[in-house]
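Descriptive structure summary
Each chain, letter by letter, is given below.
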Amino acid sequence: MTWLSVIVAGILTYITRMTMITLVDRRVLGAKLRQVLGYVPSAVFPAIIFPAIFFNDYGNLIELTDPKIYGALFAIVVGYLSRNIIATIFSGLISYWLIIFLI
Amino acid sequence: MLSKSEIFKKGFLAVAPHMLSVIPFGIICGAIGVEMGFNPYLVYAMSIIIFGGASQIVFLQLISAGASSFIAVASVGIINSRHLLYGAVLSEYLEKLTLLKKLIISYFIVDQGFAESNKYFKKNKDQKNIHYHLLGTGITLWICWQISTILGIILGSFIPDELGLKFAVPLTFIAILVSELRKVDHVIVILVSGISSLLFFEAPLKSYIIISPIIALFAASLVLRFKK
């Protein structure tokens with residue numbers, strides 16, 4: 001079942017890639033829609049980020065003292081200042097580990 | 001006049017710096033899939049069949065959290081809908097290719113490759129064979145992605161659970177969005193999506209992953225209206 005959904009997801013993804021390139025008239029995608037599509041990453045990824053931070057494995061809201069909150073905040077600050085993807089990920093992970101293992 | 005292989009090489013060189021972020025991302029993607037208990041062959045096959053980092057992680061996360069396949073597939077579709085935009089922009093430069101070539105080159109369109117090749121296309125509109133640049137960026141990233149997911153799958157079986165590697169998932173997505181944090185309109189969309197995802201988290205079938213982006217895109221269209 002999971003294999004089948006991976007294949008369907010793959011076909012769907014390929015369609016998003018080839019549609020506009022093979023389509024005869026690319027203007028079907030209006031200026032307005034193009035602008036909105038530019039916001040897709042900002043609209044999708046927070047829906048993964050927020051629950052992954054604010055809920056625990058059992059789907060309950062975490063407490064304000066949870067190390068995940070501080071790891072994420074630290075990563076955001078480092079990311080904002082450095083604009084570096086790797087620095088962002090690793091600063092978050094390392095601060096999270098420091099809190100878990102040292103405190 | 002540059003030869004095809006020279007243009008291809010330019011594409012390779014243009015995306016080379018991006019390997020620094022693609023490789024750790026691929027390793028995380030492979031490692032997390034194995035940690036979540038998926039068949040390693042499935043985790044790897046996704047890198048060929050879907051070939052879209054963020055959507056692969058989301059798919060695995062949703063399925064492991066008990067979401068239905070429909071929701072998981074639909075969210076892959078939403079996440080990857082941004083390729084429509086890339087295609088619309090690139091199509092202008094690829095118009096003269098045969099259908100077969102267009103179909104092949106489409107498979108290799110990814111974020112970083114699009115960004116770099118689009119820059120090159122803008123500057124070299126009138127040159128011949130510029131599509132080799134897109135092949136250069138795309139194939140380079142493809143190989144990088146394949147190797148790094150395999151590496152992640154191998155490493156994933158050694159990484160102890162206590163490290164809480166799952167936390168790398170939100171961090172990776174934070175890292176993708178950091179470049180947008182300086183734009184107020186994007187920050188609004190980010191907050192709307194994030195808060196909606198918390199409010200609708202209990203919605204049936206993990207549908208928050210579809211509901212929140214739709215609300216956020218609606219907010220984006222309102223923001224666009226105010227920007228004018």
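Note that this is a predicted model, so its numbers are computed, not measured. (Residues numbered from 1 in each chain as written. Chains lettered and ligands numbered in written order. Predicted model: local features only at pLDDT ≥ 70, side-chain atom pairs only at ≥ 80, totals over all residues.)

Things to note about the overall build of chain A
Within chain A, the regular secondary structure consists of six helices and zero strands. Shown N-terminal to C-terminal, the secondary structure of chain A runs as helices and strands in the order α-α-α-α-α-α. Computed over its C-alpha atoms, the radius of gyration of chain A comes to 19 Å, more than 25% above the 13 Å expected for a compact globule of 103 residues. If you line up chain A on its principal axes, its C-alpha atoms span 60 × 40 × 25 Å. In chain A, buried positions account for 40% of the 103 residues. Considering only contacts in chain A between residues 6 or more positions apart, those separated by 24 or more positions represent 28%. (Helix = DSSP H or I, 4+ residues; strand = E, 2+ residues; numbered from the N terminus. Rg over C-alpha atoms; globule rule 2.2 N^0.38 Å. Buried ≥ 20, exposed ≤ 12 C-beta atoms within 10 Å, placed from the backbone. Contact = placed C-beta atoms within 7 Å.)

Here we look at the interface of chain A and chain B
Accessible area lost upon the coming together of the parts serves often as the stated size of an interface. Each partner contributes residues to the interface: chain A has 59 residues there, and chain B has 70 residues. Mapped by element, the contributors of at least two residues to the side of chain A that touches chain B are helix H1 (2–22), helix H2 (31–37), helix H3 (40–44), helix H4 (46–54), helix H5 (67–82) and helix H6 (85–102) of chain A. For the side of chain A that touches chain B, the element with the highest residue contribution is H1 of chain A, accounting for 18 residues. Its residues placed into classes, the side of chain A that touches chain B shows 40 nonpolar, 14 polar and five charged. (Nonpolar A, V, L, I, M, F, W, Y, C, P; charged D, E, K, R; others polar.)

As for the packing of helix H4 (residues 53–64) of chain B against helix H5 (residues 69–80) of chain B
Residues and elements named next belong to chain B. Between H4 and H5, the shortest axis-to-axis distance is 9 Å and the interhelical angle comes to 160°. When the axes of H4 and H5 are compared, the pair comes out roughly antiparallel. In this structure, H4 meets H5 at a crossing whose hand is right-handed. Between H4 and H5, the residues in contact are Ala54, Ser55, Val58, Phe59, Leu62 and Ile63 and Ile71, Ala72, Ser75, Val76, Ile79 and Asn80, respectively. (Axes fitted to C-alpha atoms, helices over the stretch in contact; angles between N-to-C directions. Parallel < 35°, antiparallel > 145°, perpendicular 65-115°, else oblique. Left-handed = near helix turned anticlockwise from the far one by under 90°.)

Remarks on the environment of Pro170 of chain B
All names here are of chain B. Within the element layout of this structure, Pro170 appears in helix H10 (residues 168–177). Here Pro170 falls in the buried class, since 24 other C-beta atoms lie within 10 Å of it. As for Pro170 and Ile215, which are separated by 45 residues in sequence, their C-alpha atoms are 20 Å apart.

A few points about the packing of helix H2 (residues 19–35) of chain B against H10 of chain B
Residues and elements named next belong to chain B. Direction vectors running N to C along H2 and H10 enclose 155°, while the axes themselves pass 11 Å from each other. For the element pair H2 / H10, the angle class is roughly antiparallel. Taken as a pair, H2 and H10 cross one another with a handedness that is left-handed. Residues Phe25, Ile28 and Ile32 of H2 pack against Ala168, Val169 and Thr172 of H10. In terms of residue class, the contact of H2 with H10 is made up of five nonpolar, one polar and no charged.

Some points on the domain arrangement of chain B
All names here are of chain B. Segmentation of chain B into domains returns domain 1 (4–177) and domain 2 (181–228). Here the C-alpha centre of domain 2 lies 24 Å away from the C-alpha centre of domain 1. Every contact between the two is made by nine residues of domain 1 and, on the other side, eight residues of domain 2. The biggest single contributor to the side of domain 1 that touches domain 2 is H5, with four residues. (Domains from an automatic or database assignment.)

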